[in-house]
Amino acid sequence: QTLCYVYEMEENATPSSAPCNSPDLTKWDKIFSMLENSQMRENMLLQYADDIVKVEMGSLRGEMLRLVGQRNERSEAGRREQEVTSRDVALDRVLTALQQTRAELEEVLRSSRQRYLPAGCEMALLFPMRSRRIYTSVIPDVPLSISSFTVCMWVKPTTVSNKTVLLSYGNRRNPYEIQLLLSQTSVFFTIGGEAHLVEARGVVKLGEWIHLCGAWSSDQGLATLWSGGKKVASTPGVAEGHILPDGGSLQLGQERNGCWFEGGFDPKLAFTGKMTGVNMWDRALSEEEISQLALQKGQGCEQRGNVVAWGVTEMVPHAGAQFIY
């Protein structure tokens with residue numbers, strides 16, 4: 001028991017041994033006490049419920065964010081896939097257009113190559129087919145009574161037989177004074193007759209321009225063949241001391257094989273294709289001069305011979321032979 005101290009008005013206080021008896025709770029005190037306890041429990045429940053709601057709301061918010069993120073990812077993936085699909089369709093269309101343009105350009109280029117003339121030449125002779133009547137006669141600017149010469153030309157053969165004539169000069173006594181011939185992929189050059197022969201093999205390609213030169217000097221009888229500006233064959237002792245006779249017939253694309261009328265041409269010997277830059281000098285040109293004439297992108301056609309000059313000397317096409325520009 002607890003001792004109670006009784007304070008009196010006096011100055012000194014004395015303790016009392018009587019126990020402290022708390023007064024009895026009234027009905028209202030009990031009611032208020034119950035209300036206080038109920039309010040406390042309610043607050044605790046509300047706090048607990050609030051905590052649960054906060055946790056659940058946090059989880060729900062996280063789940064919603066995750067779902068929204070997945071949806072955005074799917075939307076972004078769909079958008080990207082749609083963009084890729086649209087881009088692929090556009091690229092396919094561009095590729096198709098480019099392929100069509102390329103085909104058109106190749107056709108234009110092929111057509112341009114067919115009309116292309118080398119070395120700055122502005123015209124060419126066309127020999128469209130083999131015929132006993134198709135050839136071109138040439139009237140030299142000076143007599144051909146010479147002891148040396150160089151003859152050059154650009155040719156683009158369509159077909160080549162065992163003997164195809166590019167240039168031929170001769171008279172009644174000897175129709176074969178000068179011959180520049182093709183035979184399959186080879187080139188032949190003769191002076192004074194077919195016994196004096198210079199040959200270069202593997203230099204001819206059908207459908208392609210090639211520059212050919214034949215040079216000869218009577219002093220040493222040196223005969224030389226040039227293809228594409230390079231020396232491809234050389235033979236000494238060819239018609240040494242010989243002088244070409246004047247008064248003969250010079251023609252392109254055919255030879256007069258002893259018969260001096262048009263019906264005497266042999267169609268099997270006829271050249272078919274194109275020819276340009278035909279020139280002839282009364283001397284043997286140097287290696288440097290010939291290499292300059294053979295440049296496809298050069299201006300070789302401006303260098304003209306003094307015996308036959310392309311674009312100046314009279315050349316007369318016969319039958320189907322014609323100049324093209």
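By the naming in an unreviewed UniProt entry, the protein goes by Pentraxin 3 and is assigned to Seriola dumerili.

Turning next to the overall build of the protein. When helices and strands are tallied, the protein shows two helices and 16 strands. Counting every position in the protein, which comprises 325 residues, the buried fraction comes to 36%. Excluding contacts between residues fewer than 6 apart, the proportion of contacts in the protein whose partners are at least 24 apart in sequence is 67%. Per element, the accessible surface of the protein, about 20200 Å² overall, is 53% carbon and sulfur.

Let us look at the packing of aromatic side chains. Evaluation of the coordinates by the stated rule reveals five aromatic pairs. Seen in terms of ring centroids, W310 and F323 are 6.1 Å apart; in terms of plane orientation they differ by 55 degrees. Their pairing is tilted. Here W310 is found in the loop between α2 (287-293) and β15 (314-318), whereas its partner F323 is found in strand β16 (residues 322-324), with 13 residues between them in sequence. One aromatic cluster is present, formed by F149, F189 and W216 through successive ring pairs.

At A119, a residue that is not glycine, the phi angle is positive and equals roughly 55 degrees. Tracing the chain through its elements places A119 in the loop between α1 (27-115) and β3 (124-127). Residue class for A119 comes out buried when judged on its relative accessible area of 1%. Although it is not a glycine, A239 adopts a positive phi angle of roughly 50 degrees. With respect to the element layout, A239 can be found in the loop between β12 (230-235) and β13 (249-252).

The volume enclosed by the largest pocket comes to roughly 160 Å³. Contributing to the lining of the largest pocket are G120, C121, E122, M123, Q299, C301, E302, R304, W310 and G311. For the lining of the largest pocket, the class distribution of residues is four nonpolar, three polar and three charged.

Moving on, we come to a nonpolar patch on the surface. Together, V53, M57, L60, M64 and L67 give the surface a local cluster of nonpolar side chains, amounting to about 470 Å² of exposed area. Its place among the elements puts M57 in helix α1.

To continue, consider the pattern of salt bridges. By the definition in use, this model includes three salt bridges. E199 is paired through a salt bridge with R201; the nearest N and O atoms lie 2.9 Å apart. Look at E199 and you get partly exposed, because its relative accessible area is 32%. A salt bridge links R283 to E289; its shortest N-O distance comes to 2.9 Å. R283 gets classed as partly exposed once you look at its relative accessible area, which sits at 36%. A residue is classified by how much of its surface remains accessible, and E289, at 32% relative accessible area, is partly exposed.

The final tally for this structure, using the stated rule, is two disulfides. Disulfide pairing places C121 opposite C301 at an S-S distance of 1.6 Å. The S-S bond linking C121 to C301 shows a torsion near 65 degrees; that makes this disulfide right-handed. You can see C121 sitting in the loop between α1 and β3 and its partner C301 sitting in the loop between α2 and β15, a full 180 residues away along the chain. Residue C121 is classed as buried on the basis of its relative accessible area of 8%. According to the relative accessible area criterion, C301 is buried, its value standing at 6%. For C152, the disulfide goes to C213, at an S-S distance of 2.0 Å. Taking the sign of the S-S torsion, about 115 degrees here, the bridge from C152 to C213 comes out right-handed. One end of the pair, C152, is in strand β5 (residues 148-159); the other, C213, is in strand β10 (residues 210-217), with 61 residues separating them in the sequence. Accessibility expressed as a relative area gives 1% for C152, which makes it buried.

So, how was this worked out
- Residues numbered from 1 in each chain as written.
- Predicted model: local features only at pLDDT ≥ 70, side-chain atom pairs only at ≥ 80, totals over all residues.
- Heavy atoms only, no water.
- Helix = DSSP H or I, 4+ residues; strand = E, 2+ residues; numbered from the N terminus.
- Buried < 20%, exposed > 50% of the residue type's maximum accessible area, 1.4 Å probe, protein only.
- Contact = heavy atoms within 4.5 Å.
- Areas by Shrake-Rupley, 256 points an atom, 1.4 Å probe, with all protein chains shown as cover.
- Phe/Tyr/Trp six-rings, centres within 6.5 Å; stacked < 30°, edge-to-face > 60°.
- 1 Å grid on protein atoms, 1.4 Å probe; cavity = no way out; pocket = protein on both sides within 12 Å on 5 of 7 lines; lining within 4 Å.
- Points joined across faces, edges and corners; volume = space filled by probe spheres on them.
- Nonpolar A, V, L, I, M, F, W, Y, C, P; charged D, E, K, R; others polar.
- Patch = residues over 30% accessible without salt bridge, like charges linked within 9 Å, V, L, I, M, F, W, Y side chains within 5 Å.
- Salt bridge = Lys/Arg side-chain N within 4 Å of Asp/Glu carboxyl O.
- Disulfide = S-S within 2.5 Å.

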